[in-house]
Amino acid sequence: MELAVYNLKGEDTGRKVTLSDAIFGLEVNEHVMYLDVKQYLANQRQGTHKSKQRNEVHGTTKKLKKQKGTGGARAGSMKSGVFVGGGRMFGPQPRDYGFKLNKKTKRVARLSALSSLAKDGKISVVENIAMSAPRTKDFVAILDGLKLNNGKKTMLLTGEANKNVLLSARNLQKVKVATPVGINTHDLLNTDTLLISEDGMASLVELYSTAE
């Protein structure tokens, strides 16, 4: 598949980029993508939820009534979870929600996400973006030229981290800037357009051609 390369004003430069079948032409594995997204979201959870058990609440431990002969259930402490003010039975405790996922599995998931975007026609290629200073207004002008400032989510993939580009896009709610090393399946599937710069494309191809 070939894609036209646009300049920062949204004009066709006449150059074309051929998408590598080893990255953008693979069969989409939905289950692997699900696992990778599940792990990503699980890692975002703090896991700090906590409720007090009966050994942690304040209250007397005196036996409330005699064991037998009352006609009611036996009760040994006001701190029991059946009483108001008592501890919570089987309440949440701090835990880590993360789980292990093999590197090769995560790699297949990212490649599946890239192939899915290519299949749906959601990838555009732009010439390298260089900004001498961080300025959101200039970045918005680039999006306007590319007809991407339409309220939909856009992810820009650059060859290497550019502080000025990152700062210029940081205040834009539906724009995300990343490098090939830093992409994840969740962000790829959560975008409407994947905008890749020429150096970003070269870096992406180099990364996944050398990876195991």
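It should be emphasised that the depicted structure is a prediction, and the values quoted were computed from it without experimental measurement. (Residues numbered from 1 in each chain as written. Predicted model: local features only at pLDDT ≥ 70, side-chain atom pairs only at ≥ 80, totals over all residues. Heavy atoms only, no water.)

*Asks:* Can you lay out the packing of aromatic side chains for me, pointing to particular residues and giving the numbers?
*Replies:* Summed over the entire model, instances satisfying the criterion amount to zero aromatic pairs. Of note, Lys38 hangs over the ring of Phe99, and the distance from its end group to the ring centre comes to 5.9 Å. Against the face of Tyr97 rests Arg95, its NZ or CZ located 3.9 Å from the ring centre. (Phe/Tyr/Trp six-rings, centres within 6.5 Å; stacked < 30°, edge-to-face > 60°. Lys NZ or Arg CZ within 6 Å of the ring centre and 35° of its normal.)

*Asks:* So what's going on with helix H4 (residues 136-145)? Which residues, and what values?
*Replies:* Each turn of an α-helix holds 3.6 residues, which means side chains three or four residues apart point in the same direction. Three or more residues of H4 are buried, namely Phe139, Ile142, Leu143 and Gly145. Projected down its long axis, H4 carries its buried residues within an arc of 165 degrees, all on one side. Structurally, H4 contributes buried residues whose contacts are with strand S4 (154-157), helix H5 (163-169) and strand S5 (175-178). With its phi angle positive at about 60 degrees, Lys147 sits one or two positions after the end of H4. (Buried < 20%, exposed > 50% of the residue type's maximum accessible area, 1.4 Å probe, protein only. Helix = DSSP H or I, 4+ residues; strand = E, 2+ residues; numbered from the N terminus. Arc of directions from axis to C-beta. Contact = heavy atoms within 4.5 Å.)

*Asks:* Which residues make up the nonpolar core, and what are the values?
*Replies:* Core analysis: the largest hydrophobic core is formed by 24 residues, its most contacted members being Phe24, Leu114, Ile123, Ile183, Leu188, Leu194 and Leu204. Sorting the residues of this core by element identifies strand S1 (2-6), helix H1 (21-24), helix H3 (103-119), strand S3 (123-126), S4, strand S6 (193-197) and helix H7 (198-210) as the ones contributing at least two each. Among the elements that make up this core, the one with the highest residue count is H3 (five residues). Contact partners of Leu188, with chain neighbours within four places excluded, come to Arg110, Ala113, Leu114, Leu117, Met155, Ile183 and Leu194. One finds Val126, Leu156, Val165 and Ala169 within the second-largest nonpolar core, a separate group that totals 15 residues. (Core = buried A, V, L, I, M, F, W, Y, C linked by side-chain atoms within 4.5 Å.)

*Asks:* Give a description of the packing of helix H2 (residues 30-44) against H3 that names residues and reports values.
*Replies:* Packing of H2 against H3 leaves a shortest axis separation of 8 Å and a crossing angle of 110 degrees. When the axes of H2 and H3 are compared, the pair comes out roughly perpendicular. Here Val32, Met33, Asp36 and Gln39 of H2 come into contact with H3, specifically with Thr105, Lys106, Val108, Ala109, Arg110, Ser112 and Ala113. For the contact of H2 with H3, the residue count by class is five nonpolar, three polar and three charged. (Axes fitted to C-alpha atoms, helices over the stretch in contact; angles between N-to-C directions. Parallel < 35°, antiparallel > 145°, perpendicular 65-115°, else oblique. Nonpolar A, V, L, I, M, F, W, Y, C, P; charged D, E, K, R; others polar.)

*Asks:* How would you explain unusual backbone geometry if you had to name every residue and give the values?
*Replies:* Phi is positive for Phe90, which is not a glycine, with a value near 55 degrees. Topologically, Phe90 is positioned in the loop between H2 and H3. Phi at Lys147 takes a positive value of approximately 60 degrees, unusual for a residue other than glycine. For Lys147, a relative accessible area of 67% gives the class exposed.

*Asks:* Describe the layout of surface pockets, listing the residues and the values that go with them.
*Replies:* By volume, the second largest pocket is sized at about 170 Å³. In terms of lining, the second largest pocket is formed by Lys153, Thr154, Met155, Gln173, Lys174, Val175, Lys176, Asp187, Asn190 and Thr191. Sorting the residues of the lining of the second largest pocket by element identifies S4 and S5 as the ones contributing at least two each. When its residues are assigned to classes, the lining of the second largest pocket shows two nonpolar, four polar and four charged. (1 Å grid on protein atoms, 1.4 Å probe; cavity = no way out; pocket = protein on both sides within 12 Å on 5 of 7 lines; lining within 4 Å. Points joined across faces, edges and corners; volume = space filled by probe spheres on them.)

*Asks:* I'd like a description of the sheet that holds strand S2 (residues 12-18), backed by residues and values.
*Replies:* Pairing within the open sheet is mixed, and its six strands lie in the order S2-S1-S3-S6-S4-S5. Edge strands, defined here as strands with exactly one partner in the open sheet, are S2 and S5. Each adjacent strand pair in this sheet contributes to an overall mean axis angle of 30 degrees, direction not counted. As paired elements, S3 and S6 share four bridges and run parallel to each other. Its bridge partner lying in S6, Val125 is registered against Ile196. (Pairing = 2+ DSSP bridges.)

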